[in-house]
Amino acid sequence: MKKPAFSQILALFSVCLLSLQLSEAQTLPLTWENIFTKSYGVRQAAISPDGSSLVFTARTPEQSGLFNIPTDGNGSPEFWTAGASPVWFASGHKVLFSRAGDLWSIDAGSNTPKRLTNDRENERAARPSPDGKWIAFYSTRSGYNDIWIVPSDGSAPARQLTKNAMANDDFRFAPAWSPDSKQIAYYSNKNDYWEDDIWLIDIATGKERQISKGLMAMSTPVWSPDGSKIALMAVSKSEYWYEDLSYIYLLDPKAGKEEILKMQVHATDLLHNHTVTWSGDGKDIFFPYQERSEVELWRVPAKGGVATRVTNMGGTFRSYHASADASHFAFVRSTATRGREVDVIRASGGQAVQLTNLSTKWKGLVEPTEISYRSYDGLYIQAFQFNPPGFDPGKQYPSLVMVHGGGTNTAYKQLSLTEQYLAQQGYVVLIVNYRGGSGFGRPFQDLGTNDWGHGQALDAAAAADFIREQPWSDQKVGIYGYSYGGITSMAAISQAPHAFDAAVPMAGIYDFSDAYTNADRLGKIFIKTGHSGSPEEKPEIYAVSNALSRVHQVKTPLLIMHGEKDVRAPFRQYQLAVEILKRENKVFESHSYPGEPHGFRNPMNRVDLYARLEAWFEKWLK
């Protein structure tokens, strides 16, 4: 083999040096504004039916929209067109996507998209039929979340298919076409408000029928290649709402039978973002499964048996997609020090290949240390410790305990910029995976049932005790969290008044009995299942989780913040808390944000939210 000339080596070195210099120049410092306005990277990805190419949505400093790239690793991402939510047609010749609230399509190899709908109504979760003739999507234009269909060429207006399928405040899942394009499987609560059962509708006749009884669906249903089975993640209505630790149910669309696929692990929907995948021959089912804060892809025989892990990537993927025969998989994945990028792997095995490099590069990121600490009753709780730059265990630092949202979820191994930033400001930050969360088995998750705002709050307080025992602690400890993290923060300072020196609960529920009356549908389900009934049925359990009844015990200075259009954790919760804090003459500040729902939409409001958080901890811990 001929050796490269020195001039070639020098040229290659120059290119590498230039690439390094460009990378360093593009590396951004962690500031609140940068975090919430300049977090670039991949959002969604769809692999082509033959597995050869990938279309994905991404935001970069230059462009935002659809990009494409070959999956063999021999190409670079190319911007395609403005839009979001890409889905391939089964032929592989066309992609469906959304833009400005309407549906569009674009041919592979073309740069000229075609508009399919043009109205002021909302259209989401659009899916083309396997024969390519129709597009089904969800819309609330009927007053419910119903399925509508439109010709794939846009030649006729959309027509309503289902009637009163789902509550208009429940925005989950997508229509599921049968392989012959004659039926759609969908979830509905029309038979019982507290169920998420699976129904079928015939496209030609509009006839609907229910094929499952008493399920709480946790994912979009997926037909087997021959149309004989439908698989989905779900739990029984009669059991706890096991977020992220679901069964895989198999439904027989003809006989109306349902069975749980037998295997030794559970499936992870990850906040209803994931679903299952059939192999091309229908013999295997692929699914995500979360263990100790990491999510990997697993495989199990479709007839049941021993499930085994396909990927060993580490970190967390928020979405994944497979080729038509499930021979190729694409993941939108993040790690503790890397933003969202696309990784691909073949079902035959091997190492995943990173296809993109579009996420923001941040200065000074550290790999957090995974630790465990002993809680009040002997349980060991997982935590991730972020240390300040140049951390010296012989010196002393103030500390913060972060409690995650989604009480039945977990804090995942992914890019946590808020904690990275606070560590850079001189805090030792612990992200705590308190009891009741997923990834540690159902018995651990069961510990939260009927005990919200108690054991979880004491796990957070035990983290503060652990911190103060460390030689690097200056004995000042704060706590903060958003959503269920706000719940746990308020519960902790009312259950363990001396544990924390400052607190910032955000967007939380502090009296579940009151929130049960005006939360959205998912909020109501979450509350009812977590307390094993309604407030009228289980008043003693709601008394356990009622932090507002213990505000008189609070000794911690707190900053409470909330969005005024929040219906998941109703804004009234903030108003009640502020009223009681005033009446009890507590040391606190409050701030609310007009127009903001549970997940803030205005990035500058997020900047303001966390700037206030930082100033509060600066005041009380430094």
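Coordinates for the structure precede this section.
The model shown is predicted, which means the values in this text are computed figures rather than measured ones.

Attention now moves to helix 3 (residues 417-424). Most of helix 3 sits inside the fold, with seven of its eight residues counted as buried. Listed in full, the buried residues belonging to helix 3 are Leu-417, Thr-418, Glu-419, Gln-420, Tyr-421, Leu-422 and Ala-423. On its buried face, helix 3 sits against helix 2 (32-37), strand 31 (380-386), strand 32 (397-403), strand 33 (428-433), strand 34 (473-482) and helix 11 (603-621). Immediately beyond the C-terminal end of helix 3, within one or two residues, lies Gly-426, with a positive phi of roughly 105 degrees.

Locating Met-216 in the fold gives a position in strand 17 (residues 215-217). Using a relative accessible area of 5% as the deciding quantity, one classes Met-216 as buried. Considering only alpha carbons, one finds Met-216 and Tyr-240, 24 residues apart in sequence, at a separation of 9.8 Å. Contacts of Met-216, omitting those with residues within four sequence positions, involve Trp-194, Glu-195, Asp-196, Ala-234, Val-235, Ser-236, Lys-237, Trp-241 and Ile-525.

Negative phi characterises most residues that are not glycine, and trans characterises most peptide bonds. One non-glycine residue with positive phi stands out, namely Asn-450, at about 60 degrees. Tracing the backbone through its elements, the reader meets Asn-450 in the loop between helix 4 (442-446) and helix 5 (455-468). Positioned with a positive phi, Gln-475 is a non-glycine residue whose angle comes to about 75 degrees. Here Gln-475 is to be found in strand 34.

The full count for this structure, using the stated rule, is 26 salt bridges. For Asp-501, the salt bridge goes to Arg-468, with nearest N and O atoms at 3.0 Å. Pair noted here: Asp-501 is in the loop between helix 6 (484-495) and strand 35 (502-506) and Arg-468 is in helix 5, with a separation of 33 residues, a long-range link. Given a relative accessible area of 22%, Asp-501 falls into the partly exposed group. Of the charged contacts, one joins Asp-514 and Arg-572 as a salt bridge, the two residues approaching to 3.0 Å between their closest N and O atoms. On the criterion of sequence distance, the pair formed by Asp-514 in helix 7 (residues 512-515) and Arg-572 in helix 10 (residues 571-583) is long-range, its members being 58 residues apart.

Spatially, four strands are ordered 26-27-28-29 in an open sheet, and the strand pairing comes out antiparallel. Looking at which strands have only one partner, the edges of the open sheet turn out to be strand 26 (316-322) and strand 29 (353-354).

This next bit is on the side chain of Ser-483. Of note, Ser-483 is situated in the loop between strand 34 and helix 6. A polar side-chain atom of Ser-483 sits 2.8 Å from a polar atom in the side chain of His-598. With near-sequence residues (within four places) excluded, Ser-483 lies in contact with Gly-405, Met-506, Ala-507, Gly-508 and His-598.

A few words on the sheet that holds strand 16 (residues 208-210). If you walk across this open sheet you meet the four strands as 13-14-15-16, and the pairing is antiparallel. Looking along the sheet, the strands with just one partner apiece sit at the ends: strand 13 (176-177) and strand 16. Note: strand 14 (residues 183-188) against strand 15 (residues 197-202), six bridges, orientation antiparallel. When the bridges of strand 15 are listed, Gln-183 appears paired with Asp-202.

Attention now moves to the packing of aromatic side chains. Counted by the stated rule, this structure contains 34 aromatic pairs. For the pair Tyr-240 and Tyr-242, a centre-to-centre distance of 5.3 Å together with 90 degrees between the ring planes defines the contact as edge-to-face. Among the residues examined, Tyr-242 registers a relative accessible area of 8% and is labelled buried. Members of the aromatic cluster, connected to one another through ring pairs, are Trp-241, Tyr-434, Trp-452, Tyr-484, Phe-512 and Phe-526. Taking the ring centre of Trp-148 as reference, the NZ or CZ of Arg-141 above it sits at 5.0 Å.

This part takes up the pairing of strand 35. Counting buried positions along strand 35 gives five out of five residues, so the element sits mostly inside the fold. Every second residue of strand 35 is oriented toward a common face, with Ala-502, Val-504 and Met-506 on one face and Ala-503 and Pro-505 on the other, all of them buried. Since strand 34 and strand 35 lie parallel, the crossover through helix 6 that links them has a hand, and here it is right-handed. Strand direction decides the pairing type here: strand 35 and strand 36 (residues 558-563), joined by two bridges, are parallel. Opposite Ala-503, over in strand 36, you have Leu-558 as the bridge partner.

Here we take up helix 10. Taking 1.5 Å as the rise per residue, helix 10 with 13 residues should run 18 Å; its terminal C-alpha atoms sit 19 Å apart, in good agreement. All buried positions along helix 10 are accounted for by Phe-571, Gln-573, Tyr-574, Leu-576, Ala-577, Val-578, Ile-580 and Leu-581. Buried residues along helix 10 sit against helix 6, helix 7, strand 36 and strand 37 (588-593). One or two steps after helix 10, the chain reaches Asn-585, where phi turns positive at roughly 60 degrees.

Okay, the side chain of Ser-279 next. Within the element layout of this structure, Ser-279 appears in the loop between strand 22 (277-278) and strand 23 (284-291). Ser-279 gets classed as buried once you look at its relative accessible area, which sits at 6%. In this structure the side chain of Ser-279 is engaged in a polar contact, spanning 3.2 Å, whose partner is the backbone nitrogen of Lys-283. The residues touching Ser-279, leaving out its near neighbours within four places in the chain, are Pro-225, Asp-284, Phe-286, Asp-325 and Ala-326.

What counts, and at which threshold
- Residues numbered from 1 in each chain as written.
- Predicted model: local features only at pLDDT ≥ 70, side-chain atom pairs only at ≥ 80, totals over all residues.
- Heavy atoms only, no water.
- Buried < 20%, exposed > 50% of the residue type's maximum accessible area, 1.4 Å probe, protein only.
- Helix = DSSP H or I, 4+ residues; strand = E, 2+ residues; numbered from the N terminus.
- Contact = heavy atoms within 4.5 Å.
- Salt bridge = Lys/Arg side-chain N within 4 Å of Asp/Glu carboxyl O.
- Pairing = 2+ DSSP bridges.
- Polar contact = N/O pair within 3.5 Å; in protein donor to acceptor, adjacent residues only side chain to side chain.
- Phe/Tyr/Trp six-rings, centres within 6.5 Å; stacked < 30°, edge-to-face > 60°.
- Lys NZ or Arg CZ within 6 Å of the ring centre and 35° of its normal.
- Right-handed = clockwise from strand over helix to strand, strands pointing away.
- Expected span 1.5 Å × (residues − 1).

None of the figures reported here should be taken as evidence of function without further support.
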